[in-house]
Amino acid sequence: MSGLLLIQGAMDVETDWLISRLEEAERLEIGGFSFWRGRVGPLALAVSRTEVGMVRAAAATALGIQAFRPALVLDQGTAGAHREDLHVGDIVVGRTCVDIQSAVTPHRGPGEGMCPEEWSLWDFQQDTPPVVYPGDPAWAARFEAAFSPTGRVTGGRLGSGDLFSREHDRIHWLRERAGEDCEDMESAAVYRVCVQAGTPCLGLRIVSNNELTGEPYRREVGVDLQKFVLGVLMDWAEGVG
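This is a predicted model, so every value here is computed, not measured.

The next subject is the state of the cysteines. Inspection of every chain in the model, using the stated rule, returns zero disulfides. Here Cys97 stays unpaired: no disulfide links it, and the sulfur of Cys201, its closest cysteine neighbor, is 7.9 Å away. Looking at Cys182, it has no disulfide partner, and the nearest cysteine sulfur is the one in Cys97, 8.7 Å off.

Within the element layout of this structure, Pro116 appears in the loop between strand 7 (103-104) and strand 8 (120-121). Taking C-alpha positions, Pro116 is 9.9 Å from Trp173, a pair spaced 57 residues apart along the chain. Aside from chain neighbours lying at most four places away, what touches Pro116 is Arg170 and Trp173.

Right, let's get into unusual backbone geometry. Of note, the phi angle at Glu24 is positive, near 50°, even though the residue is not glycine. In this structure, Glu24 sits in strand 2 (residues 23-30). Given the relative accessible area of 79%, Glu24 is considered exposed. At Glu51, a residue that is not glycine, the phi angle is positive and equals roughly 70°. If you trace the backbone, Glu51 turns up in the loop between strand 4 (43-49) and helix 2 (54-68).

A few words now on the nonpolar core. The biggest cluster of nonpolar side chains holds 61 residues, and the ones touching the most others in it are Leu43, Leu45, Phe143, Leu202, Phe228 and Leu233. Residues contacting Leu43, with those up to four places away along its chain left out, are Leu5, Gly38, Leu230, Leu233, Met234, Trp236 and Ala237. Core analysis: the second largest hydrophobic core is formed by six residues, Val98, Leu121, Leu174 and Ala178 among them.

What follows covers the packing of aromatic side chains. Inspection of every chain in the model, using the stated rule, returns four aromatic pairs. Geometrically, the ring pair formed by Trp139 and Phe143 is tilted, given 6.0 Å between the ring centres and 35° between the ring planes. Of this pair, Trp139 and Phe143 both sit in helix 3 (residues 137-144), four residues apart, which is roughly one turn of that helix. Taken individually, Trp139 and Phe143 each receive the classification buried, so the pair is uniform in this respect. Connected via pairs of aromatic rings, a cluster forms that spans Trp139, Phe143, Phe228 and Trp236. Sitting over the face of the ring of Trp139, Arg142 holds its NZ or CZ atom 4.4 Å from the ring centroid.

So, how was this worked out
- Residues numbered from 1 in each chain as written.
- Predicted model: local features only at pLDDT ≥ 70, side-chain atom pairs only at ≥ 80, totals over all residues.
- Heavy atoms only, no water.
- Disulfide = S-S within 2.5 Å.
- Helix = DSSP H or I, 4+ residues; strand = E, 2+ residues; numbered from the N terminus.
- Contact = heavy atoms within 4.5 Å.
- Buried < 20%, exposed > 50% of the residue type's maximum accessible area, 1.4 Å probe, protein only.
- Core = buried A, V, L, I, M, F, W, Y, C linked by side-chain atoms within 4.5 Å.
- Phe/Tyr/Trp six-rings, centres within 6.5 Å; stacked < 30°, edge-to-face > 60°.
- Lys NZ or Arg CZ within 6 Å of the ring centre and 35° of its normal.

Structural data, given as structure tokens:
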């Protein structure tokens, strides 16, 4: 594979280090979103700050694909763990990705209350349970085989929605039904747009907190993931160059 790679992050802590590494960086404002284009050695890169949330991520991805025609969209950032054996600094490579925010509730009349445990995850457009989107398998294997000094690297399933889940029972409920390993606010929208556009895509998330084990949020691990991503890409570029 050759061509430009589009690397995305939602926040400054997920993009600024990569931007600082770009040679002859050019900043572009497209549709209200910020992109930076440049090179790192043999790599032609564009870095996109999507901002937080599913709608913004989908819009930024569509604009980035249209503007750069990337050979790969690499969506990376921080996430909260949905498993007790994942710790801050561990990296989940998104072999698959699922939307965990769409829900259908059972009918209840006036005064009958609400019971979130009885809600169902659902894909409204397809009228089916949530669609599971695939990540690019070759790139997933490449990242899974790489070493990270911050923790282990494992293939798994990303789950995302406009959520910040902190209830233990809700986290377990989501994992039982959707099978996701961690929760973020962008990746499912990115996968969905890429699948529709026919653009290879892979998401990676570094665990920044774990409500189940009480490990608090560490914002700075977003920089660690950027370093890991660029290291893997540079090794790949040198191997094919």
